[in-house]
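A closer look at the structure
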Amino acid sequence: MFTTADLWDENETLLSCVDPVFNHFGDKKLFSGKIRTIKLFEDNSLVRKQLELDGKGKVLVIDGGGSLRCALVGDQLAELAIHNNWEGIIVNGCIRDSEVINSMNIGIKALNTSPVKSVKRNVGEIDIPVKFGSITFLPEHYVYADADGILVSEDNLLK
């Protein structure tokens, strides 16, 4: 168990704090893991492809460009994430099916909700640096999230 407040107090010089603009969804209240990234815009095709992979010890960070026009994760993708052992998901964009997701054993941080589904064009980039919330998320770095916020570090601070 950890809290982001305690992690910050103990490791301030090793951490970056994401701007507090994200809402929490899902029944899992805290999550952490090695970062995997996707950069896309209003197309969640690559999200499914990543969530089909083994996510043990990993958090999927989706840079959806901050679009509020459609959702990038819904209950079916959340279920896929749970099935493949993803620790959590961070979405610079929206989710849908929030009532169902809030009853599932998954932690998701997202800007908001939208009932509109995304397009499917298989367009996007995987495992590249993505920047939002005033920080850069780098693949293979670590992320920690709870009710207080999201922190990122180069090293695993929970060993």
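Read on for a plain summary of the structure. Values in this document were obtained by computation on a predicted structure and should not be read as measured data. Residue positions within a chain follow its written sequence, with the count starting from 1. This being a predicted model, a pLDDT of at least 70 is required before a residue's local features are given, and a value of 80 or more before pairs of side-chain atoms are given or counted; all residues contribute to the totals for chains, interfaces and linings. The basis for every side-chain value is the complete set of heavy atoms in the structure, and neither hydrogens nor water enter the calculation.

So, about the environment of Asp146. Counting from the N terminus, the helices are DSSP H or I runs at least four residues long and the strands are E runs at least two residues long. Note that Asp146 resides in strand β11 (residues 142-146). Contacts are assigned to residue pairs with any non-hydrogen atoms lying within 4.5 Å of each other. Excluding residues that lie within four positions of it along the chain, Asp146 makes contacts with Thr3, Thr4, Lys29, Leu30 and Lys109.

Next up on the list: the pattern of salt bridges. When a carboxyl oxygen of Asp or Glu is within 4 Å of a side-chain nitrogen of Lys or Arg, the pair counts as a salt bridge. In total, this model carries six salt bridges according to the counting rule given. The closest approach of N and O atoms between Glu87 and Lys28, which form a salt bridge, is 3.6 Å. Of the two residues, Glu87 sits in the loop between α3 (75-83) and β6 (88-95) while Lys28 sits in the loop between β2 (23-25) and β3 (31-39), which places them 59 residues apart along the sequence. One salt bridge connects Arg36 with Asp127, and the closest N-O pair in it is separated by 2.5 Å. One end of the pair, Arg36, is in strand β3; the other, Asp127, is in the loop between β8 (125-126) and β9 (130-132), and 91 residues separate them in sequence. Only protein chains enter the accessibility calculation, which uses a 1.4 Å probe; a residue whose area is less than 20% of its type maximum is buried, one above 50% is exposed, and one in between is partly exposed. On the basis of relative accessibility, which here comes to 15%, the residue Arg36 falls in the buried class. Looking at Asp127, the relative accessible area reads 30%, which means it is partly exposed.

Positioned with a positive phi, Asn85 is a non-glycine residue whose angle comes to about 65 degrees. For Asn85, a relative accessible area of 42% translates into the label partly exposed. With a phi close to 70 degrees, Ser134 is a non-glycine residue in the positive phi region. When you line up the elements, Ser134 lands in the loop between β9 and β10 (135-137).

Okay, the environment of Trp86 next. Structurally, the position occupied by Trp86 is in the loop between α3 and β6. Judged by relative accessible area, Trp86 falls into the buried class, the value being 4%. As a C-alpha pair, Trp86 and Leu51 span 35 residues in sequence and 7.5 Å in three-dimensional space. Once you skip the residues sitting within four places of it in the chain, Trp86 turns out to touch Lys28, Arg36, Gln50, Leu51, Leu53, Asp54, Gly55, Lys58, Val59, Leu60, Ala81 and Ile106. Any pair of nitrogen or oxygen atoms within 3.5 Å is treated as a polar contact; in protein, a donor-acceptor pairing is required on top of that, and neighbouring residues in sequence qualify only through side-chain atoms on both sides. Within the local environment of Trp86, its side chain forms a polar contact with the backbone oxygen of Leu51, the two atoms lying 3.5 Å apart.

What follows deals with the pairing of strand β4 (residues 58-63). Burial analysis of β4 places five of its six residues in the buried class, the great majority of the element. A pair of strands counts as paired when DSSP detects no fewer than two bridges linking them. As defined by bridge partners, β3 adjoins β4 across six bridges and the pair is classed as parallel. Looking at the pairing, Ile38 lines up with Ile62 of β4. Place the viewer so that the strands point away; then a crossover is right-handed whenever the path from the first strand over the helix to the second strand goes clockwise. Once the chain exits β3 it traverses helix α2 (residues 45-51) before rejoining the sheet at β4, and the crossover so formed is right-handed.

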